[in-house]
Amino acid sequence: MKTHIQTRREFLRTSTLAAASLPFVSAMSARAQTAAPAKKLGFALAGLGSLSTHQIAPALQKTNFCRLAGIITGHPAKAAQWKAQYNIPDKNIYDYDSMEKMADNPDIDVVYVVTPNGLHADHTIKAARAGKHVLCEKPMEVSPERCQQMIDACRAANRLLAVGYRLHFDPNHLECVRLAREKVLGSVNLIEAEYGFRIGDPTQWRLNRALSGGGPLMDVGIYALQAARYLSGEEPVSVSAVATNNDPAKFKDIEESISWQLKFPGGALASCNCTYNFNGLDRFRAFADRGWFEMAPAYGYGGLQGRRSDGKWAAFPPMDQFAAEMDDFAQCILNGQPTKVPGEEGLRDLKIMMAIYEAARTGKTISFT
Ligand code: NAD
């Protein structure tokens, strides 16, 4: 028998009253927009790499409740470039060693941590100690212990902590969650989810375990894991896994590809794959009693495509996932509400990913009891 599945009324109610303690799927709906505040919250981006440059900074310009107020970077040349491009005053420019000084800067309300995974705890804890709320990119860190330290630091500073799970704000994914929760095609019995790409530059931090925490599982497999969790609406009871590495010169201390299976308490199964070795892996499909629904492509910043076996999928207009994610976080802060994507959610994924690695290493099924 399946565990409690929400009715539509419950789904709508909990989506607005989302509390960190609720099953995360119930909270996975768009927050109603309130009137724009007199003062937009000031965001400082920590780490001015690819994601900050190409997605987050442009998305900040589209938000209603946020503004790009500051930057934290180890590169003076980047600081000069961003200062000119986004009109950032010198007093709002920091490096990683001067983050504590943000405590005296009322322009900055939120630090968005966009550095390599293994630095997230350091930067989150510094930001929290400076009295700033923290939005941290996924994966939250490289171990559950570090995730817990981040949660503890933000709690001690009475600051909000959220993880950058942008797909929790994408209407396509929200619709798939609705289809699952309302059993539109019956109960979901099997979820297939996979994401991967062929990675280039072998010197990048993503291939360095100390900074990445692992290979494609930490980077993109986490999206397939998330999909399995929010489509099932349950936490897995066990996991089995197998990993492969056909290029040990390139993948020195991380997996090249990994496949894993999850069993959920209500009886549903999930079969997931991720890779750094080839392109084209970007989809999920949920098989329910009377048909299926899927997204392919499923996990990109746009151009997502849904389908239903009964042909009833209705397309959603394009939107900016990062702008929605940041506006939601700002509204949580402004309204004193919990976030739908708290640190505890990032911690759950880290615990499961560690179990996936253990299952692959030992060849044993790992139970969560
Ligand atoms: P990137 O390599 O392009 O940028 C990383 C930034 O961190 C660079 O500006 C770099 O200078 C800085 N940095 C600071 N200390 C560093 C160190 N010791 N070594 C290397 N770089 C250091 O990476 P990215 O693609 O922007 O990813 C950053 C974070 O965002 C990661 O946690 C990643 O998982 C996450 N991310 C999320 C999404 C998403 O869709 N939500 C997409 C891409 C990346």
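None of the values given here were measured: they were computed from a predicted structure.

Draft legend 1. Summary view of the overall build of the protein. When helices and strands are tallied, the protein shows ten helices and 14 strands. Every one of the 369 residues in the protein was classed for burial, and the buried ones make up 55%. Of the contacts made within the protein by residues no fewer than 6 positions apart, 71% connect residues no fewer than 24 positions apart.

Draft legend 2. Fine view of the nonpolar core. Judged by nonpolar contacts, the single largest core of 105 residues is most densely connected at F43, W260, Y299 and M326. Apart from residues lying up to four places away in sequence, M326 is in contact with F43, I56, A59, L60, T63, C66, Y112 and L135. Core analysis: the second largest hydrophobic core is formed by five residues, L207, F251, I254 and Y276 among them.

Draft legend 3. Representation of the sheet that holds strand β2 (residues 66-72). In spatial order, the strands read β3-β2-β1-β4-β5-β6; together these six strands make up an open sheet with parallel pairing. This sheet does not close on itself; its edge strands, each paired only once, are β3 (93-94) and β6 (161-163). Across the sheet, helix α3 (residues 76-86) touches β1 (41-46), β2 and β3, and the angle it forms with β2 is around 160°. Docked against the sheet, helix α9 (residues 321-335) engages β1, β2, β4 (110-113), β5 (133-136) and β6, running at close to 155° with respect to β5.

Draft legend 4. A look at the packing of aromatic side chains. One pass over the full model with this rule turns up nine aromatic pairs. On the basis of an interplanar angle of 80° and a centroid distance of 5.6 Å, the ring pair of Y195 and Y223 is categorised as edge-to-face. Residue Y195 is found in strand β7 (residues 188-196), and its partner Y223 is found in helix α8 (residues 216-232); the two are separated by 28 residues along the sequence. Between F197 and Y276, the aromatic rings sit 5.4 Å apart at their centres with planes inclined by 70°, giving edge-to-face as the arrangement. Here F197 is found in the loop between β7 and α7 (209-212), whereas its partner Y276 is found in the loop between β10 (269-275) and β11 (281-288), with 79 residues between them in sequence. According to the relative accessible area criterion, F197 is partly exposed, its value standing at 28%. Aromatic rings pair up to connect Y195, Y223, F284 and Y299 into one cluster. Just above the ring of Y357 sits the side chain of R209; from NZ or CZ to the centre is 5.8 Å. Of note, R285 hangs over the ring of W292, and the distance from its end group to the ring centre comes to 3.7 Å.

Draft legend 5. Layout of unusual backbone geometry. The omega angle of the peptide bond from K138 to P139 is -15°, so this bond is cis rather than trans. Turning to its location among the elements, P139 is positioned in the loop between β5 and α5 (144-156). With an omega dihedral of 0°, the bond running from A296 to P297 counts as a cis peptide bond. Take P297: it is sitting in the loop between β12 (291-295) and β13 (306-308). Located in the positive-phi region is N158, a residue other than glycine, with phi close to 55°. Structurally, N158 is set in the loop between α5 and β6. Judged by its relative accessible area of 61%, N158 is exposed.

Draft legend 6. How the structure looks around the sheet that holds β11. The strand order β13-β12-β11-β7-β10-β9-β8-β14 describes an open sheet built from eight strands, whose pairing is mixed. In this open sheet, the two edge strands, each paired with only one partner strand, are β13 and β14 (366-367). Two elements, β11 and β12, share five bridges in a ladder whose sense is antiparallel. When the sheet's bridge partners are listed, R285 is paired in β12 with E294. Where α8 meets the sheet, its contacts fall on β7, β9 (257-263), β10, β11 and β12, and the angle it forms with β7 comes to roughly 160°.

Draft legend 7. Local environment of the site of the ligand. Residues in close proximity to the ligand total 24 residues, the closest being S50, N117, K138, R166 and W205. Separating an oxygen atom of the ligand from a backbone N or O atom of T115 is a distance of 3.2 Å. Between the ligand and N117 there is a distance of 2.7 Å, counted from an oxygen atom to a side-chain nitrogen or oxygen. Summarising the interface, the protein chains cover 80% of the accessible area of the ligand, which totals 830 Å² for the free molecule. Looking at the shell around the ligand residue by residue, the classes come out as twelve nonpolar, seven polar and five charged.

Conventions used here
Going along each chain's sequence as written, the residues are numbered from 1 onward. Two thresholds apply to this predicted model, a pLDDT of at least 70 for residue-level local features and 80 or more for giving and counting side-chain atom pairs, whereas whole-chain, interface and lining totals are computed over all residues. To obtain the side-chain values, all non-hydrogen atoms of the structure were included, while hydrogens and water were left out. Only DSSP runs of H or I covering at least 4 residues are called helices, and only runs of E covering at least 2 are called strands; the numbering of each starts at the N terminus. Think of it in three bands: residues with accessible area under 20% of the maximum for their type are buried, residues over 50% are exposed, and the middle band is partly exposed, with areas taken using a 1.4 Å probe on protein chains only. The contact criterion used is simple: two residues touch if any of their non-hydrogen atoms lie within 4.5 Å. To qualify as a nonpolar core, a set must consist of buried Ala, Val, Leu, Ile, Met, Phe, Trp, Tyr and Cys residues joined through side-chain atoms within 4.5 Å. For two strands to be treated as a pair, DSSP must find no fewer than two bridges joining them. Between the N-to-C directions of two axes lies an angle of 0 to 180 degrees, each axis being a line fitted to C-alpha atoms and, for a helix, fitted only over the stretch in contact. Pairing of aromatic rings covers Phe, Tyr and the six-membered ring of Trp, with a centre-to-centre limit of 6.5 Å; geometry is then stacked below 30 degrees between planes, edge-to-face above 60, and tilted otherwise. Ring-over charges, as used throughout, are those where CZ of Arg or NZ of Lys falls within 6 Å of the ring centre and within 35 degrees of the ring normal. In this text, near means that some heavy atom of the residue lies within 4 Å of the molecule or strand in question. A 3.5 Å cut-off defines polar contacts: any pair of N or O atoms within that distance qualifies, except that in protein one atom must be a possible hydrogen donor and the other a possible acceptor, and neighbouring residues in sequence count only when both atoms are side-chain atoms. Every accessible area reported is derived by Shrake-Rupley at a probe size of 1.4 Å, with residue values counting cover from the shown protein chains alone. Gly counts as polar in this scheme, as do all residues outside two lists: the nonpolar Ala, Val, Leu, Ile, Met, Phe, Trp, Tyr, Cys and Pro, and the charged Asp, Glu, Lys and Arg.

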